[in-house]
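Secondary and tertiary structure notes
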Amino acid sequence: MVERIFERLTVIGLGLIGTSVVRAARAAGQVGHIVVTDADPTVRQRVRELDIADVVAETSEAAVQDADAVVLCVPVGESGRVVATVAPHLKQGAILSDVGSVKVAVIEAVLPHLPAQACFVPAHPVAGTEFSGPDAGFAELFQDRWCILTPFERSTEAGTDAMHRLWEGFGARVERMEPRHHDMVLAITSHVPHLIAYNIVGTAAHLEEVTQTEVMKFSAGGFRDFTRIAASDPTMWRDVFLNNKDAVLEMLGRFTEDLSALQRMVRYGDGDGLFELFTRTRAIRKGIIAQGQETAAVDFGRRVGPEVSKKDV
Ligand SMILES: NC(=O)C1=CN([C@@H]2O[C@H](COP(=O)(O)OP(=O)(O)OC[C@H]3O[C@@H](n4cnc5c(N)ncnc54)[C@H](O)[C@@H]3O)[C@@H](O)[C@H]2O)C=CC1
Ligand SMILES: O=C(O)C(=O)Cc1ccc(O)cc1
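Residues numbered from 1 in each chain as written. Chains lettered and ligands numbered in written order. Predicted model: local features only at pLDDT ≥ 70, side-chain atom pairs only at ≥ 80, totals over all residues. Heavy atoms only, no water.

Here is the rule: UniProt positions are given in the numbering used here, feature names are shortened, and annotations may be inferred rather than shown by experiment.
In the annotation of an unreviewed UniProt entry, the protein is listed under the name prephenate dehydrogenase and assigned to Lichenifustis flavocetrariae. As its UniProt record puts it under Catalytic activity (unreviewed entry), the protein is described as follows: "prephenate + NAD(+) = 3-(4-hydroxyphenyl)pyruvate + CO2 + NADH".

**Some words on the site of ligand 1**
Let me state the cut-off plainly: In this text, near means that some heavy atom of the residue lies within 4 Å of the molecule or strand in question. Polar contact is defined as a pair of N or O atoms within 3.5 Å, subject to the rule that within protein one atom must be able to donate a hydrogen and the other to accept it, and that residues adjacent in sequence are counted only when both atoms are side-chain atoms. For every accessible area listed, the method is Shrake-Rupley and the probe measures 1.4 Å; residues are considered covered only by the protein chains on display. Strands here mean DSSP runs of E at least two residues long; helices mean DSSP runs of H or I at least four residues long; both are numbered from the N terminus. When residue character is reported, Ala, Val, Leu, Ile, Met, Phe, Trp, Tyr, Cys and Pro are called nonpolar, Asp, Glu, Lys and Arg charged, and the others, Gly included, polar.
Taken together, 28 residues surround ligand 1, and among them I17, D38, V74, S101 and G133 come closest. Residue L16 places a main-chain N or O atom 3.0 Å away from an oxygen atom belonging to ligand 1. G133 is positioned such that a nitrogen or oxygen atom in its backbone is 2.9 Å from an oxygen atom of ligand 1. When the free accessible area of ligand 1 is taken as 830 Å², the share hidden by the protein chains comes to 87%. Within the residue set of the shell around ligand 1, elements represented by two or more residues are α1 (16-28) and β7 (123-125). Tallied by class, the residues present in the shell around ligand 1 amount to 15 nonpolar, 9 polar and 4 charged.

**Structural notes on the domain arrangement of the protein**
Note the cut-off: An automatic or database domain assignment supplies the start and end points of every domain. By definition, residues are in contact when any of their heavy atoms lie within 4.5 Å. Criterion for a salt bridge: a side-chain nitrogen of Lys or Arg within 4 Å of a carboxyl oxygen of Asp or Glu.
Taken as a whole, the protein is organised into domain 1 (6-177) and domain 2 (181-294). Computed from C-alpha coordinates alone, the two centres of domain 1 and domain 2 are separated by 30 Å. In this assembly, 20 residues from domain 1 lie in contact with 17 residues from domain 2. Between the two partners, domain 1 and domain 2, sit 1 salt bridge. Between E130 and R228 there is a salt bridge; the shortest N-O distance is 2.7 Å. Residue assignment for the side of domain 1 that touches domain 2 shows that the elements contributing at least two residues are α5 (104-110) and β8 (146-149). Classifying every residue of the side of domain 1 that touches domain 2 gives 9 nonpolar, 5 polar and 6 charged.

**As for the packing of aromatic side chains**
We apply this condition: Two rings from Phe, Tyr or Trp (for Trp, the six-membered ring) form a pair when their centres sit within 6.5 Å of each other. Planes less than 30 degrees apart are called stacked, planes more than 60 degrees apart edge-to-face, and all others tilted. Partly exposed describes any residue whose relative accessible area lies between the buried limit of under 20% and the exposed limit of over 50%, with all areas from a 1.4 Å probe on protein chains only and scaled to the type maximum.
Applying the stated criterion across every chain yields a total of 5 aromatic pairs. Centroid distance F120 to F152: 6.0 Å. Interplanar angle 85°. Geometry classified as edge-to-face. One end of the pair, F120, is in strand β6 (residues 119-121); the other, F152, is in the loop between β8 and α6 (157-169), and 32 residues separate them in sequence. When its relative accessible area of 0% is taken as the criterion, F120 is described as buried. Ring centres of W237 and F241 lie 5.9 Å apart, and the angle between their planes is 40°; on these two criteria the pair is classed as tilted. One end of the pair is W237 and the other is F241, both in helix α9 (residues 234-243) and 4 residues apart, which spans about a single turn. Accessibility classification places W237 together with F241 in one group, the buried group.

**Remarks on the pattern of salt bridges**
Tallied over the full model, the rule gives 16 salt bridges. A salt bridge links E58 to R48, with the nearest nitrogen and oxygen atoms 2.8 Å apart. Of this pair, E58 sits in the loop between β3 (55-56) and α3 (60-63) while R48 is found in helix α2 (residues 41-50), placing the two residues 10 residues apart along the sequence. Owing to a relative accessible area of 49%, E58 belongs among the partly exposed residues under this scheme. Residue classification places R48 among the partly exposed residues on the basis of a relative accessible area of 35%. The salt bridge partner of R238 is D239, with a shortest N-O separation of 3.0 Å. Several salt bridges share partner residues, and in doing so they unite R44, R48 and E58 into one network.

**What to know about the site of ligand 2**
S101, H124, A127, G128, T129, E130, H194, R228, M236 and W237 make up every residue found near ligand 2. Within the side chain of S101, a nitrogen or oxygen atom sits 2.7 Å from an oxygen atom of ligand 2. At 2.8 Å, a side-chain N or O of R228 approaches an oxygen atom of ligand 2. In the complex, 82% of the free accessible area of ligand 2, which totals 340 Å², lies under the protein chains. Residues belonging to the shell around ligand 2 are distributed by class as follows: 3 nonpolar, 5 polar and 2 charged.

**Considerations on the environment of A69**
Relative to the helices and strands, A69 is located in strand β4 (residues 69-72). Residues A69 and S97, spaced 28 residues apart in sequence, show a C-alpha to C-alpha distance of 7.5 Å. Dropping the residues within four chain positions of it, A69 is found in contact with F6, R8, L9, T10 and I95.

**Some points on the pairing of strand β5 (residues 95-98)**
Convention followed: The handedness of a crossover follows from its direction of travel: if, with the strands pointing away from the viewer, the path from the first strand over the helix to the second runs clockwise, the crossover is right-handed. A pair of strands counts as paired when DSSP detects no fewer than two bridges linking them.
Of the two faces of β5, both are covered, the one formed by I95 and S97 as well as the one formed by L96 and D98. Read as a crossover between parallel neighbours, the route from β4 over helix α4 (residues 79-86) to β5 is right-handed. As paired elements, β5 and β6 share 3 bridges and run parallel to each other. Paired with L96 across the strands is F120, a residue of β6. In this fold, β5 hands off to α5, which returns the chain to β6; that crossover is right-handed.

This is the structure in structure tokens:
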């Protein structure tokens, strides 16, 4: 017997993540009625054609009427604006949640607009692709992936438990984390890697313009992997960097120091140093493959945890 978690679920923002949430909720049968909306009329029309929700509302205010839970699936820079609009229309006792890649800035943007009795459970499914829009979503996206909940003083225990069970029903492994710690961890595991990809593809594109070489034509495997990541949605990632500025700059500082050390090894022919580093990084990859994501998270915690511990952030 599937547990009915919410009678009425509203999803605002119908791109990759929003429509994956809707599809997963339908597939899992954990919610009664699904109401959705998006600011873009062409997206609303496409979602009607896809027939993945019970109601496609014209406005956010209409979409949240009578909802037991409202999940924001918009770029993180939009969260505060959306909550300001829907707050007066939320049902008493409704649970508000989100899926944003950044947590502290979203909490700070939402808090001033949160009605006195409302509960907000910030969430981040660490699952996605470089694609965006309603056609990109699929029900299995969250299967065996992490979903991090970052409850804070405005998250009730009952609301947090309900969101925990909802994400588990989507097949995700759920972990709870302090919001500031989340932002630091994701800065190094996701945000800085995306920035590096945007940068290296940008550099190669610039070289191509300047030298008329065939950089793109002869791009090997490694560069192709970077181009996949650098194809990610510009609006979403602009908002991530604007809203996780401090953690990204902190991790970027460490990264550039380590890169300078590598640069010296190359310049001065320090083969032993290069070999030692590459051996260590290969072992990290092997550990991830051998023991799954859980070990990756533990490895990460060991490496960065003591320096960037919960008490520091
Ligand atoms: N793309 C990914 O791999 C992942 C994204 N996320 C987070 O999920 C959220 C959504 O990302 P995606 O689904 O990838 O983006 P997307 O670009 O596919 O979809 C976002 C949708 O939000 C709509 N929207 C924008 N402003 C709005 C507003 N004020 N009111 C209503 N609708 C609005 C857009 O029209 C668009 O349809 C972001 O906060 C992102 O950080 C989280 C995990 C993975
Ligand atoms: O496609 C990829 O490689 C990703 O890294 C997907 C992704 C993007 C943003 C997130 O907040 C979580 C996951």
